[in-house]
Amino acid sequence: MTKGKAIIETGWNFDNSYARLPKSFFTSLNPVTVRSPKLIILNYSLATFLGLNVQALQSKDGVAVLAGNQIPEGALPLAQAYAGHQFGHFTMLGDGRAVLLGEQITPVGERFDIQLKGSGQTPYSRRGDGRATLGPMLREYIISEAMHALGIATTRSLAVVTTGESVIRETNLPGAILTRVAASHLRVGTFQYVAKWGTIEEIRILADYTLQRHFPEVDATLNRYLALLQEVIKRQAGLIAKWQLVGFIHGVMNTDNMALSGETIDYGPCAFMDAYDPATVFSSIDAQGRYAYGNQPSIAGWNLARFAETLLPLLHEDEAQAVKLAQDAISEFPELYHRNWLAGMRAKLGIFNEEVQDESLIDGLLRMMEEGHADYTNTFRALTFETPEDTTLFGTTEFTQWHELWQARLGRQQEPKASSYQLMRNSNPAIIPRNHRVETALEAAVEQGDYSVMEQLLHVLSSPYTHSPEQADYCALPAPSTRPYRTFCGT
């Protein structure tokens, strides 16, 4: 362990509460060192929020930490064990290419995991090399920061460094390491691992830890483990609704990719929908469409049911009663999700109050969008700025009738229409990380060493609700293609 002056001045302020849990939950090990680390991108605002010295992070010692070549003072690196259902099939998993350095305590006392992704083999690598390539790490940086700007709970990206080493995939690709920042890396799969291979007491320890870390407000006099389940359900209901409202498709909603904190985690074959279609799938490995856009709410419910199963021994000493408590809690998810989604859709249409007919109005628009292959983001953007002629729906009798119904709906509110359109500007992003824009930025970075395209993309994505003139070009759709857009896990 290196404990030099430069590293201390960087501002690392680690605690290691996860390392104080039972040793079966993780394996202590250092990242595998790399040949020649180079800093590619650093998130200045996030670094400052975490209490880190930006200048020191860019120094040789600072970059060495971000590459895993040096261990900062106070860190206790480890790889977490977890399991999970991958496309419905249960398997043992774990941090196969990531190491948790520790938990950074910010200047205001908040706690965040600092994880190096692509940091080498661990006992959980399952014949993998433990490394990551530059393209997918930059992709996670772009998408996670865009999600944060959109107001969606997410892990974030502090930095990407190249390793100076090649990683063998289909071809030799430049290796890279992402520094990921998360409220925690506790997953549904973490509980599945302990429930499968641990003891009931260890499940209780993990549940107590999760409550303390993420839900300290839970009343200790209640059934605290039922409350844990209910709180996780609430957070996921809100999170998945926000995904749907912006057209985000995660791509691999395996149980190990559901964070109990309620953050979006593990950006692999994720993408944003262009033309509205609930059947949209981008992932090359999701041939059956299990994780299609329209399936995400039901898959979230399925994942939460798997979480509930791990808690059964804690919910009640009588198994039948425990199952009933779990089923009752899970049965609330669809309504919680729907309530969040409906409130969000009302806001996207400038609606402040509630009327019974609102859902019919919303469904009518979405049906027209699906049938007309209308762009999801740009359609709401056109409605926001009263330019319906900019949508592919314009000119049809059905859309004209819908538009009249919508305007009449806005006219029945106490709030003036100006307030409705302001609500819409706050609820409908001008831009999303369009798939073709992301690919262009990654191609320039990986193949040409030109990071300016990515930097400009990150700049415009950082304020999606400002609707500024410079964002106009980024609203444009990709050129027509005979091949569907496909994304890959990037392992």
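Summary of the structure given here. (Residues numbered from 1 in each chain as written. Predicted model: local features only at pLDDT ≥ 70, side-chain atom pairs only at ≥ 80, totals over all residues. Heavy atoms only, no water.)

1. Here we look at unusual backbone geometry
Located in the positive-phi region is Phe87, a residue other than glycine, with phi close to 50°. The backbone of Arg127 shows a phi angle near 70°, a positive value even though the residue is not glycine.

2. Quick look at the pairing of strand S11 (residues 172-182)
Most of S11 is tucked away: eight of the eleven residues are buried. Judged from the five bridges that link them, strand S8 (residues 111-117) and S11 form a sheet pairing that is antiparallel. Its bridge partner lying in S11, Lys117 is registered against Leu178. Across two bridges, strand S9 (residues 132-133) lies against S11 in antiparallel orientation. Within the sheet, the bridge partner assigned to Ala132 lies in S11 and is Ala176. With nine bridges joining them, strand S10 (residues 156-168) and S11 adopt antiparallel strand pairing. Within S11, the residue paired with Ala159 across the bridge is Thr179. What sits between the antiparallel neighbours S10 and S11 is a turn of three residues. (Buried < 20%, exposed > 50% of the residue type's maximum accessible area, 1.4 Å probe, protein only. Helix = DSSP H or I, 4+ residues; strand = E, 2+ residues; numbered from the N terminus. Pairing = 2+ DSSP bridges.)

3. What to know about the packing of aromatic side chains
Per the counting criterion, the structure on display carries 18 aromatic pairs. Seen in terms of ring centroids, Trp12 and Phe14 are 5.2 Å apart; in terms of plane orientation they differ by 15°. Their pairing is stacked. A single burial state applies to Trp12 and to Phe14, both of which are buried. Both rings, one in Phe49 and one in Phe112, keep their centres 5.7 Å apart while their planes meet at 70°; by these two values the pair is edge-to-face. In this pair, Phe49 is assigned in helix H2 (residues 44-50) and Phe112 in strand S8, connecting sequence segments 63 residues apart. With relative accessibility at 37%, the residue Phe49 sits in the partly exposed group. An aromatic cluster of three or more residues is present, and its members are Trp243, Phe248, Tyr267 and Phe272. Its guanidinium or amino end placed over the ring of Trp302, Arg306 lies 4.5 Å from that ring's centre, counting from NZ or CZ. (Phe/Tyr/Trp six-rings, centres within 6.5 Å; stacked < 30°, edge-to-face > 60°. Lys NZ or Arg CZ within 6 Å of the ring centre and 35° of its normal.)

4. Some remarks on the environment of Ile152
Within the element layout of this structure, Ile152 appears in the loop between helix H5 (134-149) and S10. According to the relative accessible area criterion, Ile152 is buried, its value standing at 4%. Separated by 110 residues in the primary sequence, Ile152 and Gly262 have C-alpha atoms spaced 9.7 Å apart. In this structure, Ile152 is in contact with Met147, Leu239, Lys242, Trp243, Val246 and Thr264, ignoring residues within four places of it in sequence. (Contact = heavy atoms within 4.5 Å.)

5. Here we look at the pattern of salt bridges
Throughout the structure, instances matching the rule amount to 26 salt bridges. Here Asp113 makes a salt bridge to Arg213, at a shortest N to O gap of 2.6 Å. Of this pair, Asp113 sits in strand S8 while Arg213 sits in helix H7 (residues 200-214), and the two are 100 residues apart along the sequence. For the pair formed by Asp113 and Arg213, the shared burial category is buried. For Glu309, the salt bridge goes to Arg306, with nearest N and O atoms at 2.7 Å. Linking Glu309 with Arg306, this pair stays in helix H9 (residues 296-315), spanning three residues, or about one helical turn. The exposure class of Glu309 is partly exposed, given its relative accessible area of 42%. Owing to a relative accessible area of 14%, Arg306 belongs among the buried residues under this scheme. Linked through salt bridges whose partners overlap, the residues forming this network are Asp15, Arg20, Glu103, Arg111, Asp113 and Arg213. (Salt bridge = Lys/Arg side-chain N within 4 Å of Asp/Glu carboxyl O.)

6. Brief notes about helix H13 (residues 376-384)
Since the α-helix turns once every 3.6 residues, residues separated by three or four places project in the same direction. For H13, the buried fraction is high: eight of the nine residues fall into the buried class. For H13, every residue scored as buried is listed here: Tyr376, Thr377, Asn378, Thr379, Phe380, Ala382, Leu383 and Thr384. In this structure, the buried residues of H13 make contact with helix H8 (224-246), helix H11 (333-348), helix H12 (358-372), helix H14 (397-411) and helix H15 (417-427). The N-terminus of H13 is capped by Asp375, whose side-chain oxygen sits 3.3 Å from the backbone nitrogen of Thr377. Directly after H13, the chain includes Glu386, whose backbone phi takes a positive value near 55°. (Polar contact = N/O pair within 3.5 Å; in protein donor to acceptor, adjacent residues only side chain to side chain.)

7. Examining helix H17 (residues 452-461)
Those residues of H17 lying buried are Met454, Leu457, Leu458, Val460 and Leu461. Around the axis of H17, the buried residues are gathered within 165° of arc, so they sit on the same side. Buried positions along H17 lie against strand S3 (38-42), H5 and helix H16 (435-448). (Arc of directions from axis to C-beta.)

8. Focus: the packing of H5 against H16
For the pair H5 and H16, the least separation of the axes is 10 Å and the interaxial angle reads 135°. The orientation of H5 with respect to H16, classified from their angle, is oblique. Judged by the twist between their axes, the crossing of H5 over H16 is right-handed. Contacts from Leu134, Gly135, Leu138, Arg139, Ile142 and Ile143 in H5 reach Val438, Glu439, Leu442, Ala445 and Val446 in H16. (Axes fitted to C-alpha atoms, helices over the stretch in contact; angles between N-to-C directions. Parallel < 35°, antiparallel > 145°, perpendicular 65-115°, else oblique. Left-handed = near helix turned anticlockwise from the far one by under 90°.)

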